[in-house]
Amino acid sequence: MLSSSFLCRFVFPLSLVPIGLASATGAQAQCLNPNLGIGTGSASDTVTLCAPLGFNFTFPNGSAHSAVSCDSNGRIFPVGADITDFSPSLAELLSDTTALCPLWTDQGGGTFDDVYCWSNGVDTATITWVDTRYNFGSVPFTVQAELHADGSFRYVYDERMRDVTFNADPVYVGFTDGNGLSSDPGPSDWSTIIGGSPISSGSSRVAYDNGRFDLSGIALDFTPNGIGGYTTTASTCGFAFVAPFGESCANAPPTSLRYTFGVFGAFNTTVGDDAMDMTPGIPMGHTDDSIRSAVLGFDIQFPDGTTTNAIDVDSNGRILPVGADGSDFTPSVGEMIGEASPHYNVFWTDLVPNATDASIDFFTNGASLATVTWRNCRQFGTLERVTVQAQLRPTALSVSGITIVFADTADFDSTKDLLIGASVGGGAADPGESDLSMDVSGFEPNIYEFFDAGVDVYDMQPVRPSPEIEFLSHPINGDVFEVLLSDMRSTHQGAFLMLGFSNLNLPLGIIGLPCTLYSDNAIPAIPIGTPGMPDALFSLSIQDVGTPLVIQGAILDPGINALGVDLTSALQAVTGN
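Residues numbered from 1 in each chain as written. Predicted model: local features only at pLDDT ≥ 70, side-chain atom pairs only at ≥ 80, totals over all residues. Heavy atoms only, no water.

The secondary structure content of the protein chain amounts to three helices and 42 strands. Looking at the protein chain as a whole, 52% of its 577 residues qualify as buried. In the protein chain, once contacts between residues fewer than 6 apart in sequence are set aside, the share between residues at least 24 apart is 65%. Element-wise, carbon and sulfur atoms account for 55% of the exposed surface of the protein chain, whose accessible area totals about 22300 Å². (Helix = DSSP H or I, 4+ residues; strand = E, 2+ residues; numbered from the N terminus. Buried < 20%, exposed > 50% of the residue type's maximum accessible area, 1.4 Å probe, protein only. Contact = heavy atoms within 4.5 Å. Areas by Shrake-Rupley, 256 points an atom, 1.4 Å probe, with all protein chains shown as cover.)

Turning to the state of the cysteines, a few remarks are in order. The full count for this structure, using the stated rule, is three disulfides. Each sulfur in the disulfide pair Cys50 and Cys117 lies 1.7 Å from the other. On the criterion of sequence distance, the pair formed by Cys50 in strand E3 (residues 47-50) and Cys117 in strand E9 (residues 114-119) is long-range, its members being 67 residues apart. For Cys117, a relative accessible area of 15% puts it in the buried group. Sulfur-sulfur distance for the disulfide between Cys249 and Cys515 comes to 1.8 Å. Taking the torsion about the S-S bond as the criterion, the Cys249 to Cys515 disulfide, at about 110°, is right-handed. Of this pair, Cys249 sits in the loop between strand E18 (241-245) and strand E19 (255-261) while Cys515 is found in the loop between strand E37 (503-507) and strand E38 (516-519), placing the two residues 266 residues apart along the sequence. (Disulfide = S-S within 2.5 Å.)

Counting across every chain of the model gives 20 aromatic pairs. Between Trp190 and Phe222 the ring centres are 5.5 Å apart and the planes differ by 90°, which places this aromatic pair in the edge-to-face class. With Trp190 in the loop between strand E13 (172-176) and strand E14 (199-200) and Phe222 in strand E16 (residues 218-224), this pair connects stretches of sequence that are 32 residues apart. One aromatic cluster is present, built from ring pairs that chain together Phe57, Phe59, Phe153, Tyr155, Phe175, Trp190, Phe222 and Tyr230. (Phe/Tyr/Trp six-rings, centres within 6.5 Å; stacked < 30°, edge-to-face > 60°.)

With that settled, consider the environment of Ile402. By the secondary structure assignment, Ile402 is in strand E30 (residues 400-408). We classify Ile402 as buried; its relative accessible area is 1%. Ile402 sits 31 residues away from Thr371 along the chain, and the two C-alpha atoms are 9.9 Å apart. Discounting chain neighbours no more than four positions away, the residues touching Ile402 are Leu257, Arg258, Tyr259, Ile319, Tyr344, Val346, Ala390, Gln391 and Leu392.

By the secondary structure assignment, Pro548 is in strand E41 (residues 548-556). Through-space distance from the C-alpha of Pro548 to that of Gln572 is 7.6 Å; in sequence the pair is 24 residues apart.

This part takes up the pairing of E9. In the case of a regular strand, side chains alternate between the two sheet surfaces. Note: strand E2 (residues 38-39) against E9, two bridges, orientation antiparallel. Bridge pairing links Ile38 to Cys117 in E9. Here six bridges tie E9 to strand E10 (residues 124-132), and the two strands are oriented antiparallel to one another. Residue pairing for E10: Asp114 is matched across the bridge by Val130. (Pairing = 2+ DSSP bridges.)

Our next topic: a negative patch on the surface. A surface patch of negative charge is lined by Asp430, Glu433, Asp435 and Asp452. Take Asp452: it is sitting in the loop between strand E33 (447-451) and strand E34 (468-471). (Patch = residues over 30% accessible without salt bridge, like charges linked within 9 Å, V, L, I, M, F, W, Y side chains within 5 Å. Salt bridge = Lys/Arg side-chain N within 4 Å of Asp/Glu carboxyl O. Lys, Arg positive; Asp, Glu negative; His and termini not counted. Charge placed at Lys NZ, Arg CZ, Asp CG, Glu CD.)

Our next topic: the sheet that holds E10. Within a beta sheet, neighbouring strands are joined by backbone hydrogen bonds and run either parallel or antiparallel to one another. Strand order across the open sheet formed by eight strands is E2-E9-E10-E11-E12-E16-E17-E14, with antiparallel pairing between neighbours. At either end of the open sheet lies a strand with only one pairing partner, and these are E2 and E14.

Inspection of every chain in the model, using the stated rule, returns eleven salt bridges. In this structure, Arg258 engages Asp274 in a salt bridge whose closest nitrogen and oxygen atoms are separated by 2.8 Å. Here the residue Arg258 occupies a position in strand E19, and Asp274 occupies one in the loop between strand E20 (267-272) and strand E21 (282-283), the gap between them amounting to 16 residues. Taking relative accessible area as the criterion, Arg258 reaches 32% and is therefore assigned partly exposed. Since its relative accessible area comes to 22%, Asp274 is described here as partly exposed.

Right, let's get into the sheet that holds E41. On the basis of which strands lie adjacent, the open sheet formed by five strands has the order E18-E42-E41-E36-E39 and antiparallel pairing. Looking along the sheet, the strands with just one partner apiece sit at the ends: E18 and strand E39 (523-528). Here the strands of the sheet are splayed against their neighbours by 25° on average, with no regard to which way each runs. As judged from the seven bridges shared by strand E36 (residues 494-500) and E41, these two strands associate in the antiparallel manner. (Axes fitted to C-alpha atoms, helices over the stretch in contact; angles between N-to-C directions.)

Moving on, we get to the pairing of E10. A large share of E10 lies buried, amounting to eight of its nine residues. If you look at the hairpin formed by E9 and E10, you'll find four residues sitting between the two strands, and Gly121 has a positive phi there, around 75°. Bridging between E10 and strand E11 (residues 141-148) involves seven bridges; their strand directions are antiparallel. Within E11, the residue paired with Thr126 across the bridge is Glu146.

This prediction gives the protein chain a mean pLDDT of 83; 90% of its residues lie at or above 70. Residue range residues 1-28 is modelled with pLDDT below 50. Its contacts to residues more than four positions away, or to other chains, number 65 contacts. (pLDDT = per-residue confidence, 0-100.)

A word on a nonpolar patch on the surface. A cluster of nonpolar side chains, namely Ile510, Ile511 and Leu563, defines an oily patch on the protein surface of about 350 Å² accessible area. Within the secondary structure layout, Ile510 lies in the loop between E37 and E38. Residue Ile510 is classed as exposed on the basis of its relative accessible area, which comes to 82%.

With that out of the way, let us pick up the side chain of Ser359. By the secondary structure assignment, Ser359 is in strand E27 (residues 359-364). Taking relative accessible area as the criterion, Ser359 reaches 16% and is therefore assigned buried. Of note is the side chain of Ser359, whose polar atom sits 2.7 Å from the side chain of Asp361. When residues no more than four places from it in sequence are discounted, the contact partners of Ser359 are Pro283, Pro353, Thr373, Trp374, Arg375 and Cys377. (Polar contact = N/O pair within 3.5 Å; in protein donor to acceptor, adjacent residues only side chain to side chain.)

Bringing the environment of Asn73 into the picture now. Examined against the element boundaries, Asn73 turns out to sit in the loop between strand E6 (68-71) and strand E7 (75-78). The contacts of Asn73, once residues within four sequence positions are left out, are Asp45, Thr84, Asp85, Phe86, Leu103, Trp104, Thr105, Asp106 and Gln107. Within the structure, the side chain of Asn73 is placed 2.9 Å from the side chain of Thr84, a separation counted as a polar contact. Looking at Asn73, its side chain comes within polar contact range of the main-chain nitrogen of Gln107, at 3.0 Å.

Structure, rendered in structure tokens:
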């Protein structure tokens, strides 16, 4: 648990890095207008009013309006001119009302779905879809339209959209005069003008892009060209970005638990050293005590023998059939056995998935592997965190029901109840606990180990894993970017932060170090923290936009390996707005 008594703060201004750093990466604009205004209360598939603008905005058909309607599905049109539409088509684009289409597709669904409106009352207004989602998808993103009194407008797409898959649904980005006044001009590829020549619609008042979405981190500016149409230019936006990657030193291999279907529906478990699959997943968007669904692309088998190609993921560490149950933060043997449906209890306890740098990530290749990773999830009421991964494989290819990798669970708080196991549900008889820290041959499809708070000692991963690096804020221009080294052993003699600008990805096994060096350490290693203390906080003052950063921790720890050096995984970041 963090305490000011052992955290050492080191503030390092980015302006002190070598000359030419910011200019070398190229100038990037601050595209997103920070003035969002207030939420309109929009829900999925609704139209709300953004009024008053305080000025007249001229739509592509030439009509001027002092208020606009906002469709939750990504359109802006004159008040009362149309209803919501989650299934755009070219025919509708040409024949329906005049409209701006920042991102016309099936948007919304979920807690965060809302449209925000703001105006300075003179010449600028913003309409922003804040943390919206595609068709109840797992990745939140923000889209903004900025309207100007001179008839120009701007669309801005945040970086998170690079992780959004729009499937086969149509997505339209552009503008239209509607009412059947224009013939089809054919699609434009807005991405081709990034750093290139503008696209002019000539005298046409319709232009659109409906191909693969490739505009994340981009702003599109539409300016009246004087002959009835618009000239479109594009620029990259300096959004701040940070994400973990790589692996720390292999000092303590993960413990894994593989469930195997035996005879007569029985479950067997095998303890192993399976590693986490490091393929990046997509955050599912869990809030505390919530359920999110995922489509695997292949069938898996639940303990009762049923198969399914979709699952529900409980933020509190369970995998269930879709619609089987709500989230549950109070594990018990009675509930596990009495649940109507079968389920896997991956790491069933009270977890918080939406704290800083925590998430539940989903990946599938649609054919042979899917993973659900509870990454850095805090235990409720504490700062202790766990990382656990469930690996799912097709029933047709493997008899393994599921493999659990306990990647980082050594800090499990023993004052919390925890249940690990698999259940057929339906009120079957209680078979009693199994010791899952060793191989178990079961005789029925219920198998579990219950760690009763304050009574049992958690032993699935008794060895503390390698030190971790995490971010507590984002590298935002004019703000402080905070990085935390944690889980360092009490025997360490000092910690250093390696700050560089590129990823070396250099394995060090040739010198006897079971680690990978990621940061190029362009700036001399910075000492942080206090010898023997488990955590150290580093603060970096950000004073520019567009600087790439690769950050890794190095710990001097005699006895940890032959060279007495421990390396963390890394953070990849880009400074921005």
